[in-house]
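# Structural overview
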Amino acid sequence: MSAREVIEKALAEGRTALTAPEGRMICEEYGIATPGEGLAATAEEAVEISAKIGFPVVLKIVSPDILHKTEAGGVLVGLRTPEEVREGHRKIVAGALAYNPDAQIDGVQVQQLVGGGHEVIVGAVTDPTFGKVVAFGLGGVLVEVLKDVTFRLAPVSGDDALTMLDDIKAAEVLRGARGAEPADRAALAQLIERVGRLVDEHPEIVEIDLNPVFASASGAVAADVRILVGAAPPPVERLPRERILAQMTRIFKPRAIAVIGASAEQGKIGNSVMRNLINGGYQGQIFPINPKATEIMGLPAYKSIADVPYDVDVAVFAIPAAFVAPALEETGKKGVAGAIMIPSGFAETGNLDGQREIVEIARRHGVRMLGPNIYGYYYTPENLCATFCTPYDVKGSVALTSQSGGIGMAILGFSRTTKMGVSAIVGVGNKADVDEDDLLTFFEQDDNTRAVAMHLEDLKDGRGFVDAARRVVRNKPVIVLKAGRTAMGARAAGSHTGALAGDDKVYDDILRQAGVVRAPGLNDMLEYARALPLMPAPQGENVVIITGAGGSGVLLSDACVDAGLTLMDIPADLDEAFRAHIPPFGAAGNPIDITGGEPPSTYENTVRLGLSDERVHALVLGYWHTIVTPPMVFAELLARVVAEEREKGNVKPVVASLAGDTEVEEACAYLFDHGVIAYPYTTEKPVAVLGAKYRWARAAGLLR
């Protein structure tokens, strides 16, 4: 029987699990090695099969009604004689019937006992966000104790499969640490690929466990196969990219905006939206919609959007939830591209029917809906402030989105305080329609946006997000703050792969697979967004630390390791060149300690050398406040040297940690203004930002 026939037979019989022999048939079709085995109806058949495949053997009950064989006493291991096999057959069948008297017993699986090498798990699970996801990690009895496992989207490419082998904590064990036999990496990667192809081609497979897989130098053999089946998930409907882009362009670059619920009364949301649009300098047409007014803030008001005698691109809703549906019907008939749903009172309050209703109306009319339950959105290149929050007009190159209004306001305040400047700030709220995929599609081609940072609590369509993110990260960093780190725990009792697939672990691995830079916290996301567009991309992995304080050098070294950076092993000629610029009691090597009492020339000479030597790819600087080289002297010197070297073509990322009195704050602000990333009172933050830039550069394929 083919895999398709095996799965269809099980589903037709109302089963959710395949038997072990059925699982083996599927493995054979996909080239997944399993031990020699046979199905015995009687004890004598079990003895004959054992003699044929060779002792010792394993006996396992085969029953569609017994999912967890071990719990039913349905597994015996290491039987070495015909007598042990006969007695084992009798014992297993009796135990299974005692466990479930009504169980259908198909026979006893007699399997060659395999071992040796390393026990690993290879499996796949159906994740609610990302669909079919492949898992790899330590297997056997360690799988649920250590939970050393990693995930990738199915199907899995050869390169992704190899990265999975290196992505677990026990990677060195598989390579043969401490004299152990190394596993056959090619065989393991091929096995991972085949499992990914299996679940991709058969979406009815809900979950598959190959555990343990014995991985040795001679190959990889799946000793136990467990496959769960069910109805194939419905296909995800996605709009064509061209259509998304056309609609998002009308939303971000509208020629005309209607404010439904516009008000002349201060304190009303409809009044705040109107004020922000007008005072923000938006140059398109603005149409207040209010059935009780003829004029609002000097503009003619209309009773309904249907009465507006011009085309409208965007409608901002500032009315109670109860009145949204009929107004949205009129908006759809008007041919509006985007409905900006500020009102709350939908799914976030349990009003699922109300949200479903407006989604249906919007889809029927081809309107893209942002929200509901949002603060609105800003797009500074168009002087567009369609929000009831405070206005913001500092233009920059970072687009930020948030699922929370509070986080949106934090973004606003940070942007203003740091003078970061933004291209866009967008609230997505309930994400009833427009989500991060749609926004990435616009920001990907937006020349005003050089980096995208997103706060999210969930993803509606994980694969859609990954597809969009992969396109964007080729040219622009995508930074994500994913809230909600707790795992859901086991999805089903005794399910190895399912239990290991906690939400956050899956998110973490697959966001990394997509090339996204994940931020551990809100401030980290904002700092990455602020710094990454200013920092040139590194061309290689060699990082050099130059510090005026030995203590800072140690902490910066630790931070580099934590950030996944590679401290350069300084070659002899470069070491000699650095020594020519530092005092005899300083220390070359890496970190290069120039000591604290050195004049500005020492900083200049060593920094210039690091920037000009093509073997050095990034500099981390540690400064501490001295009278000999005050903070602003250091800042002006560093900004000048970096600018001069960049003019010569020596373009490298430079980050700095400044320790000292409060004057270092001004020095850091000056450096940021001149394109050098610098932070006071911390060794961790500048290195974390550099690490984020490196993660993006690796994903974009920019490193030599």
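First, a word on scope: everything that follows refers to the structure included in this document.

Conventions and cut-offs
- Residue numbering note: each chain is counted from 1, following its sequence as written.
- In keeping with the predicted nature of the model, local features appear solely for residues at pLDDT of at least 70, side-chain atom pairs appear and are counted solely at 80 or more, and the whole-chain, interface and lining totals rest on all residues.
- In computing side-chain values, all of the structure's heavy atoms are included and hydrogens and water are not.
- Secondary structure elements follow DSSP: runs of H or I no shorter than four residues count as helices, runs of E no shorter than two count as strands, and numbering proceeds from the N terminus.
- Under the scheme applied here, a residue whose accessible area is under 20% of the maximum for its type counts as buried, over 50% as exposed, and between as partly exposed, the area being computed with a 1.4 Å probe on protein chains only.
- We call two residues in contact whenever any of their non-hydrogen atoms come within 4.5 Å of each other.
- Working definition of accessibility: Shrake-Rupley area with a 1.4 Å probe, residue cover restricted to the visible protein chains.
- We score Asp and Glu as negative and Lys and Arg as positive, and we do not count His or the chain ends.
- Charge coordinates come from a single atom per side chain, which is NZ of Lys, CZ of Arg, CG of Asp or CD of Glu.
- The term nonpolar core refers to a set of buried residues drawn from Ala, Val, Leu, Ile, Met, Phe, Trp, Tyr and Cys, joined through side-chain atoms within 4.5 Å.
- At least two bridges found by DSSP between two strands are what make those strands a pair.
- In this analysis, axes come from line fits to C-alpha atoms, helices being fitted only over the stretch in contact, and the angle between any two N-to-C directions falls in the range 0 to 180 degrees.
- Relevant arc is that of directions from the helix axis to the C-beta atoms, nothing else.
- Ring geometry is summarised as follows: Phe, Tyr and Trp rings, the Trp one being its six-membered ring, pair when their centres sit within 6.5 Å, and such pairs are stacked at plane angles under 30 degrees, edge-to-face over 60 and tilted between the two.
- For patch detection, residues must exceed 30% relative accessible area and be free of salt bridges, and they are connected within 9 Å for like charges or within 5 Å for nonpolar side chains (Val, Leu, Ile, Met, Phe, Trp, Tyr).
- A side-chain nitrogen of Lys or Arg and a carboxyl oxygen of Asp or Glu constitute a salt bridge if their distance falls within 4 Å.

### Points about the overall build of the chain
Scanning the chain for helices and strands turns up 24 helices and 30 strands. Structurally, the chain occupies a C-alpha span of about 95 × 80 × 35 Å along its principal axes. Counting the 704 residues in the chain, one finds 56% classified as buried. Sequence separation of 24 or more characterises 70% of the internal contacts of the chain that already satisfy a separation of 6 or more. Entry remark: accessible area of the chain is about 28,300 Å², with carbon and sulfur atoms responsible for 53%. Placing the 67 positive and 90 negative side-chain charges of the chain at their respective mean positions leaves the two points 3 Å apart.

### A word on the nonpolar core
Counting 108 residues, the largest nonpolar core has Phe252 and Tyr377 as the members making the most contacts within it. For this core, the element with the most residues is helix H24 (residues 684–699), which contributes seven residues. For Phe252, the residues in contact, after removing those within four places along its chain, are Tyr377, Tyr379, Glu382, Leu384, Ala424, Val426, Leu439, Phe442 and Phe443.

### Regarding the environment of Ile677
Take Ile677: it is sitting in strand E30 (residues 677–680). For Ile677, a relative accessible area of 0% translates into the label buried. Distance from Ile677 to Ala531, taken between C-alpha atoms, is 6.5 Å for residues 146 residues apart in sequence. Non-local contacts of Ile677, meaning those with residues more than four positions away in its chain, are made with Ala531, Leu534, Met535, Val654, Val655, Ala656, Phe672 and Val689.

### Some remarks on the sheet that holds strand E12 (residues 285–289)
Taken in spatial order, the five strands line up as E12-E11-E15-E16-E17 in an open sheet, and their pairing is parallel. Each edge of the open sheet carries a strand with a single partner, namely E12 and strand E17 (368–370). Each strand of the sheet is rotated relative to its neighbour by a mean of 20°, with strand direction disregarded.

### Topic: helix H20 (residues 572–579)
Within the span of H20, buried status applies to Leu574, Asp575 and Phe578. Buried residues of H20 fall within an arc of 105° about the axis and therefore sit on the same side. Facing away from the buried side of H20 by over 90 degrees, the exposed positions are Ala572 and Glu576. Check the buried side of H20 and you find it contacts strand E25 (542–547), strand E27 (592–593) and helix H21 (600–612).

### Observations regarding the packing of aromatic side chains
One pass over the full model with this rule turns up 13 aromatic pairs. Ring plane angle 85° and centroid distance 5.7 Å describe the contact between Phe252 and Tyr377, whose orientation is recorded as edge-to-face. On the criterion of sequence distance, the pair formed by Phe252 in helix H9 (residues 241–252) and Tyr377 in strand E18 (residues 376–379) is long-range, its members being 125 residues apart. Classification of Tyr377 as buried rests on a relative accessible area of 0%. Plain terms: the ring middles of Phe287 and Tyr310 are 5.7 Å apart, the flat faces sit at 10° to each other, and that makes the pair stacked.

### Digging into a negative patch on the surface
On the surface, a cluster of negative charge is made up of Glu636, Asp661, Glu663, Glu665 and Glu666. Within the secondary structure layout, Glu636 lies in helix H22 (residues 631–647).

### As for unusual backbone geometry
In this model, Phe55 is joined to Pro56 through a cis peptide bond whose omega is -5°. Position of Pro56 relative to the elements: it lies in the loop between helix H3 (43–53) and strand E2 (57–62). Pro372 follows Gly371 through a cis peptide bond whose omega is 0°. Along the polypeptide, Pro372 turns up in the loop between E17 and E18. One non-glycine residue, Asn373, adopts positive backbone phi at about 70°. Here Asn373 lies in the loop between E17 and E18. For Asn373, a relative accessible area of 30% corresponds to the partly exposed category. You will see that Thr595, though not glycine, has its phi angle at about 70°, which is positive.

### Comments concerning the pattern of salt bridges
Using the criterion set out here, one finds 46 salt bridges in the structure. Two residues, Glu37 and Arg24, come together in a salt bridge whose shortest N-O distance is 3.6 Å. Of this pair, Glu37 sits in strand E1 (residues 37–40) while Arg24 sits in helix H2 (residues 20–29); the two residues are 13 residues apart in sequence, bridging distant segments of the chain. Neither residue differs from the other here; Glu37 and Arg24 are each classed as buried. The residue Arg364 makes a salt bridge to Glu329 at a minimum N-O spacing of 2.7 Å. Of this pair, Arg364 sits in helix H12 (residues 352–365) while Glu329 sits in helix H11 (residues 324–334), and the two are 35 residues apart along the sequence. Judged by its relative accessible area of 45%, Arg364 is partly exposed.

Purely geometric stuff here, so don't read any function into it on its own.
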